[in-house]
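Read off the chains here:
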Amino acid sequence: MKRLTGGIVPLGAALVAFLFGAIMILTLGASPVEGLGAMIDGAFGTGDRVAATAVRATPLLLVGAGITIAFRASVINIGGEGQIIAGALLSTALALAIPDTPKVLLIPLVILAGIVGGGLWGAIPGVLKAYASVNEILSTIMLNIVAIQLMNYLLRGPMIDPVEVGTSRIPQTERLTDNAAFPTLIEGTRLHLGVPMAVLAAIIVYVILFRTPLGFRLRAVGHNPDAARAAGISVERNIVSALSMSGALCGLAGVVLVFGSESLRLVTDGGSAGFTGSAGFNGIVAALFGGLHPLWTIPSSFLFGSLLTGATELQRELQIPNALAIALNGLIVLFVVSSDKVRNWLDLRLDRSMSTPRSETAEAAVPLETDDLEEALEETT
Amino acid sequence: MEHAPLLTMRNITKTFPGVLANDDVSFDVHAGEVHTLLGENGAGKSTLMKILFGLYQPDSGEIRLRGEVASITSPTSAIEQRVGMVHQHFMLVPTLTVAENVALGLPSNRGFRTDLDAVSERIVEISEQYGLSVDPSIEIWKLSVGERQRVEIIKALYRDAELLVLDEPTAVLTPQEVDDLFVILRQMTANGTGIIFISHKLHEVLELSDRITVLRNGKVTGDTTPSETNRQQLAEMMVGREVKLAPDKPHVDLGLARLQLRDVSVKGDRGTIAVDGVSLDVHAGEIVGIAGVSGNGQRELAETIAGLRPAESGSSVTIDDADLTKAGPARTRAAGLAYVPEERMKDGAVGEFEVSENLLLINHGDPKFRRGPLFDFAKIREHCQRLVDQFSVKTPSLDTPTSSLSGGNIQKLIMARELDSRPSVILAAQPTRGVDIGAAEYIHSELIEQRNVGVAILMISEDLDEVLGLADRIAVMFEGRIVTVIDREAATREALGLAMAGG
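Residues numbered from 1 in each chain as written. Chains lettered and ligands numbered in written order. Predicted model: local features only at pLDDT ≥ 70, side-chain atom pairs only at ≥ 80, totals over all residues.

**Student:** So what exactly am I meant to see when it comes to the overall build of chain B here?
**Tutor:** Within chain B, the regular secondary structure consists of 17 helices and 22 strands. Relative to a compact globule of 503 residues, whose C-alpha radius of gyration would be 23 Å, chain B shows 25 Å and is just as compact. Projecting the C-alpha coordinates of chain B onto the three principal axes gives extents of approximately 70 × 50 × 50 Å. Across the 503 residues of chain B, 44% fall into the buried class. (Helix = DSSP H or I, 4+ residues; strand = E, 2+ residues; numbered from the N terminus. Rg over C-alpha atoms; globule rule 2.2 N^0.38 Å. Buried ≥ 20, exposed ≤ 12 C-beta atoms within 10 Å, placed from the backbone.)

As C-alpha cells, this is what we get:
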C-alpha cells in the first residue's frame with residue numbers, strides 16, 4: 001500500500017503542477033492544450049529536439065547523481081552551482097594551457113580536471129563540517145557566491161578572450177581548442193559524449209552507494225552517525241568523502257557545460273546563473289523528484305530537461321515567457337513535498353481506522369520497507 | 001451496586017488482520033487499588049490500553065466505568081470520562097512552563113487570554129495533596145526525567161482523572177526516583193484513585209501492586225496478588241514456559257588481566273569530571289559487573305573504553321597489553337573489544353538499515369564479503385543467515401528494516417554481530433534493559449558462554465538482579481569513582497544498595 005502511494009504520489013504531484021501550469025497559460029490568454037502541445041513538440045517533436053532535451057538534462061543528471069550521494073550521507077549540499085563553476089574553471093584553464101595536446105589525451109584530462117575542481121570545491125565545506133561543525137547548508141551556499149565572483153573576475157581579467165579586451169568586454173574565454181570538444185555521437189544532432197557519460201555516472205553512483213563498502217559507510221553515517229562511529233566508521237572522513245564526491249560530479253557537469261557547448265567556451269553574463277543556467281539547483285530538484293535514488297534520477301532529469309526545452313518552444317509558438325518552466329519546476333517540488341505530508345496524514349487515518357479491519361489496512365499493521373522517497377523527504381525537510 | 005468497580009473491561013476481543021491482539025480479556029480496577037498489567041512486548045497490554053483510551057474500538061466486549069456501560073470513542077472522550085494516561089514517552093513541550101503544559105488544550109476561563117494564575121494555584125493544590133512538589137512556573141527543559149513524569153501525572157489529575165494508566169513509568173527512572181514515584185502512587189490510591197500499572201520489572205510489580213493480571217499472546221494467563229506469587233511464577237506466566245532467572249555458572253579459573261584500566265579520568269558532556277581515577281582489571285574468564293545508579297559515570301567510562309570519548313591525561317586503557325588510551329573506536333575494536341552499547345537504537349544499530357546491514361556494521365570492510373570492489377551478496381546472506389539462526393534473532397527476513405524488530409531481537413542482533421568478531425574483551429552496557437524475559441535469558445547465557453571460554457567481560461548494569469546473577473566480581477560506581485569491589489559470594493543486595501547511595 002505504502003509502496004504504491006510512494007510511486008503514485010510524485011507523479012500525481014507533477015500532474016497537479018501541470019494543471020496549475022495550464023491555469024497560468026489560460027490567464028496569459030492562450031490555450032493550455034496548445035501550450036502543452038507546443039511543449040511536447042518542443043521537447044520531443046524531432047530527433048534533434050530529443051537530442052537537445054537529453055543535452056539539457058545532462059548537467060541536471062550529473063548534479064542530481066552527486067546530490068544523492070551527499071543527501072544519502074545526510075549532508076545537504078546546496079553548493080552545486082559553485083562546484084559546477086569550480087570544475088568548469090579548472091578544466092577550461094587546463095584546455096587553455098595545453099591546447100595542442102591530442103584529443104584522446106586532452107578530453108580525459110579536462111574531464112579529470114573538472115572532477116578535481118568540483119571535488120576540491122566540495123571538500124572545503126566537507127572539511128569545515130567534519131572538523132569544525134560548520135553548517136554545510138550555509139557554507140555551500142556561501143561558496144556558490146565565492147565561485148561566481150571568482151569566475152567573473154577571471155573571465156573579465158586573466159582568462160578573458162583577447163578579442164573582447166578592447167571592445168564589448170563580454171566575460172568569456174576565447175573559443176577553446178577543438179581537441180577538447182566533446183565529440184557528437186549522432187551526426188546532425190547535438191547529442192554529445194556528455195549524455196552517455198552522465199547516465200554512466202548515475203549508474204556508477206548507484207553501484208557505489210548500494211554495492212560497495214564505501215557506500216555502506218556513507219549511508220550508515222547518513223542514517224545514524226552515532227552507531228556508525230561506535231562501529232568504528234569514521235564519521236568525519238565519510239562526510240568529507242560525501243561532499244567531495246558530490247562536488248566532483250557537479251564539477252563534471254561544469255565540464256559538460258563548457259566542452260559540450262556549441263560555442264566551446266566558458267561564458268557568463270555576470271549574473272548568478274549566467275553560466276550554469278541554475279543547473280546546480282535544478283539538479284537538486286531532479287534528485288528529490290527521483291526519490292534520491294541515482295537510477296530514478298535519470299528519468300527525473302530527462303523530465304526536467306524536457307520542461308526546459310519545451311518552454312523554449314512555448315515561448316516561440318505562443319509568446320509565453322519561458323519563466324513558466326521555472327514556475328512549473330517550483331510547483332512540482334512544492335507539490336511533491338506537500339503531498340508527502342498529505343500521505344503521512346492519510347497513513348495516520350488508515351492507522352486509526354484499523355478498528356474496522358479492511359483488506360488494505362492489512363499491510364499497515366505489519367512494518368513495511370521504508371519507501372525511498374519518503375526517506376528522502378524526511379531527510380531534507 | 002454500592003461497590004461497582006471503577007473500571008470493568010469484559011470479554012474484550014480485538015483482532016488485527018492476522019493477529020489476535022486481545023482474546024476475550026476481562027480486567028477490572030477498583031477505586032484505591034493498583035492493578036498491574038504484566039506481559040512481554042506484544043502480549044496485548046498496549047492494545048487493551050488503547051481500547052480503554054479510545055484509540056481503538058474493540059471487536060466485541062464491553063467497557064463499564066463506575067458500573068455504567070461506557071462508550072469511549074477518542075482520547076478526548078476518555079479524558080471527559082475521567083480516564084488519564086501517562087505515556088512512556090512524555091507529551092510535554094520543553095520550552096513551556098509546567099503551568100502552560102498543564103493548561104495546553106484546555107479552554108481558558110478568560111476567553112482569548114490565558115488563565116495561568118488560576119492553573120498555577122490548582123497545580124500547587126494538587127502538588128500538596130499528593131506530595132508531588134513541582135513549581136508551576138518552571139520550564140520543562142529544566143526538569144529531571146522524574147520531575148517531568150510528575151508533571152504528566154499532574155496533567156492527568158488536573159483533568160480530574162479517577163483512573164490513571166501508567167505505561168512503563170519506571171523504565172526511565174533511577175531507583176531513588178522509582179521509590180519517590182511509588183510513594184506518590186500510594187498517596188493517590190489512598191485518595192481513591194484507581195491505577196493501572198504497566199511494567200515488566202518483576203520486583204517493582206510485586207512491591208507496588210494490589211492485584212496482578214498477566215497477559216500472554218493476547219490472553220489472560222494469570223490473575224493473582226503479590227502475596228500469592230513470586231518472581232519465578234510471574235516470569236513463567238509471562239513467558240509460558242520454565243525460565244531461569246539465575247543462570248548456571250560453572251567454575252572457571254581466572255586467566256590474565258585482559259582489560260586494564262589505570263587511573264582513568266573522563267570529562268562528561270558538561271565539561272566536569274564524570275569518571276574520577278578509576279582503576280580496574282578484568283581477567284580472562286570473569287564477568288565484572290559495575291553496579292550503580294545511572295549518571296554516576298558509567299556511560300562515560302564505557303564510552304572511553306570503546307574509544308568514543310577521550311580520557312584525561314594520566315589515564316591508561318589497555319587490552320591484552322595494547323595501549324588504547326588514545327585509540328578511536330576502530331583501533332579499539334581491532335585490538336579485540338566487542339561493545340554492546342547502552343542505547344541500542346542510538347549507538348548500537350542503524351534503525352533504517354536492513355537486518356543484514358546491521359549485522360555487517362562492524363566488518364563490512366572484510367575482504368571475504370567482496371568480489372573485486374563490490375559486495376558479494378551471496379556470501380553476505382549466508383553469513384547473516386548463520387548469525388540470525390545461531391542467535392535466534394526473530395525477523396521476517398534479512399531485508400527487514402531493523403527498527404521494526406522488537407527491542408529484544410535488536411539486542412540479540414547486536415550481540416550476534418559483536419560476539420561473531422571473536423573478541424577478547426566484551427563491554428556490555430545495560431545488556432538486557434527493556435528486553436523481554438526470553439531474550440534476556442538468552443543474552444545472559446551467551447555472556448556466560450563467552451566467559452567460560454576465556455573472554456573478559458565488563459558488564460555495566462543498573463539492574464541489581466542482573467549484576468548479582470551474572471557477575472563474578474561487583475564494582476560499585478558512585479560519583480565517578482569505584483567505591484568498592486566485592487566478590488559475588490560476599491555481596492548482598494543491602495551492602496550494594498548502600499554503596500550505590502555513596503554510603
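From this point, the narrative continues.
**Student:** Looking at this structure, how should I read helix H4 (residues 80-97) of chain A?
**Tutor:** An α-helical turn contains 3.6 residues, so a residue and the one three or four places further along point in the same direction. The terminal C-alpha atoms of H4(A) lie 26 Å apart, and with 18 residues this matches the ideal 26 Å at 1.5 Å per residue to within 8%. Where burial is concerned, most of H4(A) is hidden: 15 out of the 18 residues are buried. (Expected span 1.5 Å × (residues − 1).)

**Student:** Mind showing me how you'd approach the nonpolar core here?
**Tutor:** As a rule of thumb, soluble globular proteins bury nonpolar side chains together. Ranked by internal contacts, the top residues of the largest apolar core, which has 244 residues, are Leu62(A), Val110(A), Leu249(A), Leu252(A), Ala253(A), Leu427(B) and Ile457(B). Ranked by residues supplied to this core, first place goes to helix H11 (residues 235-259) of chain A with 15 residues. Summarising the domain contributions, this core has at least three residues from each of domain 1 (7-239) and domain 2 (257-500) of chain B. (Core = buried A, V, L, I, M, F, W, Y, C linked by C-beta atoms within 7 Å. Domains from an automatic or database assignment.)

**Student:** Help me understand the domain arrangement of chain B, please; the structure alone is not making it clear to me.
**Tutor:** Interfaces are often described in size by the accessible area the parts lose on coming together. All names here are of chain B. Annotation of chain B at the domain level lists domain 1 (7-239) and domain 2 (257-500). Facing the 10 residues of domain 1 at the interface are 8 residues of domain 2. If you list the elements that add at least two residues to the side of domain 1 that touches domain 2, you get helix H6 (175-190) and helix H8 (231-239). No other element matches H8, which puts 3 residues into the side of domain 1 that touches domain 2. Residues of the side of domain 1 that touches domain 2, tallied by class, amount to 5 nonpolar, 4 polar and 1 charged. (Contact = placed C-beta atoms within 7 Å. Nonpolar A, V, L, I, M, F, W, Y, C, P; charged D, E, K, R; others polar.)

**Student:** Looking at this model, I keep getting lost on the environment of Pro158(A). Mind explaining?
**Tutor:** Following the sequence through the fold, Pro158(A) ends up in the loop between helix H6 (136-156) and helix H7 (162-165). When the C-alpha positions of Pro158(A) and Asn144(A) are compared, they lie 20 Å apart, and in sequence the two are 14 residues distant.

**Student:** Can you walk me through the pairing of strand E9 (residues 211-216) of chain B in this structure?
**Tutor:** Side-chain positions along a regular strand alternate between the two faces of the sheet. Residue and element names in this part refer to chain B. With 4 bridges connecting them, strand E3 (residues 34-38) and E9 associate as parallel partners. Paired with Leu-37 across the bridge in E9 is Thr-213. Where E9 and strand E10 (residues 219-224) come together, 5 bridges link them in antiparallel fashion. The partner of Thr-213 across the bridge, within E10, is Asp-223. Count of turn residues in the E9/E10 antiparallel hairpin: 2 residues, of which Asn-217 carries a positive phi of about 50°. (Pairing = 2+ DSSP bridges.)

**Student:** Is there a simple way to think about the interface of chain B and chain A in this case?
**Tutor:** Counting residues at the interface gives 31 residues for chain B, matched by 22 residues for chain A. Of all the secondary-structure elements, those providing two or more residues to the side of chain B that touches chain A are strand E1 (7-16), helix H10 (329-334), helix H11 (344-348) and strand E18 (374-375) of chain B. By residue class, the composition of the side of chain B that touches chain A is 19 nonpolar, 8 polar and 4 charged.

**Student:** Would you mind going over the environment of Arg49(A) with me for this structure?
**Tutor:** Residues and elements named next belong to chain A. Counting through the fold element by element, Arg-49 comes out in helix H3 (residues 47-72). Along the sequence, Arg-49 and Asn-224 sit 175 residues apart, while their C-alpha atoms lie 45 Å from each other. If near-sequence neighbours (up to four positions away) are discounted, Arg-49 is found in contact with Gly-42, Ala-43, Phe-44 and Thr-309.

**Student:** I keep staring at the sheet that holds strand E16 (residues 337-340) of chain B and nothing clicks. Help me out?
**Tutor:** Residues and elements named next belong to chain B. Taken in spatial order, the 6 strands line up as E16-E19-E20-E13-E21-E22 in an open sheet, and their pairing is mixed. Each having just a single partner strand, E16 and strand E22 (481-487) make up the two edges of the open sheet. The mean inter-strand angle of the sheet, taken between neighbouring strand axes irrespective of direction, is 15°. Examined bridge by bridge, strand E13 (residues 287-291) and strand E21 (residues 473-478) share 4 bridges and lie parallel to one another. In the strand pairing of E21, Val-288 is matched with Arg-473. Sitting on the sheet, helix H9 (residues 298-305) touches E13, strand E19 (425-429), strand E20 (456-460) and E21, and the angle it makes with E19 is about 150°. (Axes fitted to C-alpha atoms, helices over the stretch in contact; angles between N-to-C directions.)

**Student:** What exactly am I supposed to notice about the packing of H3(A) against H11(A) here?
**Tutor:** Two quantities define a packed helix pair, namely the angle between the helix axes and the distance between the axes. Residues and elements named next belong to chain A. Packing of H3 against H11 leaves a shortest axis separation of 8 Å and a crossing angle of 175°. In terms of orientation, H3 lies roughly antiparallel with respect to H11. Across the interface between the two elements, Thr-58, Pro-59, Leu-62, Val-63, Ala-65, Gly-66, Ile-67, Ile-69 and Ala-70 of H3 pack against Ala-242, Leu-243, Met-245, Ser-246, Leu-249, Cys-250, Leu-252, Ala-253, Val-256 and Leu-257 of H11. The residue inventory of the contact of H3 with H11, partitioned by class, reads 16 nonpolar, 3 polar and no charged. (Parallel < 35°, antiparallel > 145°, perpendicular 65-115°, else oblique.)

**Student:** I would appreciate a short explanation of helix H13 (residues 297-318) of chain A in the present structure.
**Tutor:** Its 22 residues place the ends of H13(A) 30 Å apart at the C-alpha level, agreeing with the 32 Å of an ideal helix rising 1.5 Å per residue. Where H13(A) terminates, the next one or two residues include Gln319(A), which has phi positive at roughly 55°.

**Student:** Can you walk me through unusual backbone geometry in this structure?
**Tutor:** In terms of backbone geometry, most residues other than glycine have negative phi values and most peptide bonds are trans. Positioned with a positive phi, Gln319(A) is a non-glycine residue whose angle comes to about 55°. When the 10 C-beta atoms within 10 Å are taken as the criterion, Gln319(A) is described as exposed. The backbone of Asp160(B) sits at a positive phi, close to 60°, despite the residue not being glycine.

**Student:** What exactly am I supposed to notice about the confidence of the model for chain A here?
**Tutor:** A low pLDDT score tells you not to read the predicted coordinates there in detail. Residues and elements named next belong to chain A. The pLDDT averaged across chain A works out to 85; a share of 86% of its residues lies at or above 70. The model gives residues 1-5 a pLDDT under 50, and that stretch makes 7 contacts with residues more than four places away or in other chains. For the stretch residues 354-381, pLDDT sits under 50, and the model shows 54 contacts to residues farther than four places along the chain or on other chains. (pLDDT = per-residue confidence, 0-100.)

**Student:** What exactly am I supposed to notice about the pairing of strand E6 (residues 83-86) of chain B here?
**Tutor:** All names here are of chain B. Burial along E6 is two-sided: Val-83 and Met-85 facing one way and Gly-84 and Val-86 facing the other are all buried. Note: E6 against strand E7 (residues 163-167), 4 bridges, orientation parallel. Residue pairing for E7: Val-83 is matched across the bridge by Leu-163.

**Student:** Sorry, what's going on with the packing of H4(A) against helix H12 (residues 279-289) of chain A here?
**Tutor:** Residues and elements named next belong to chain A. Where H4 contacts H12, the axes come no closer than 7 Å and their chain directions differ by 125°. One way to sum up the angle between H4 and H12 is to call them oblique. Between H4 and H12 lies a crossing whose hand is right-handed. Judged by residue contacts, Gly-80, Glu-81 and Ile-84 of H4 engage Ala-279, Gly-280, Phe-281, Gly-283 and Ile-284 from H12. Partitioning the contact of H4 with H12 into residue classes produces 4 nonpolar, 3 polar and 1 charged. (Left-handed = near helix turned anticlockwise from the far one by under 90°.)

**Student:** Whenever I open this one, the sheet that holds strand E2 (residues 19-29) of chain B confuses me. Can you help?
**Tutor:** Across a sheet, strands are paired by hydrogen bonds formed along the backbone, either parallel or antiparallel in direction. Strand order in the open sheet formed by 4 strands is E2-E1-E4-E5 (chain B), and the pairing between neighbours is antiparallel. The open sheet terminates on both sides in strands that have one partner only, identified here as E2 and strand E5 (68-69) of chain B.

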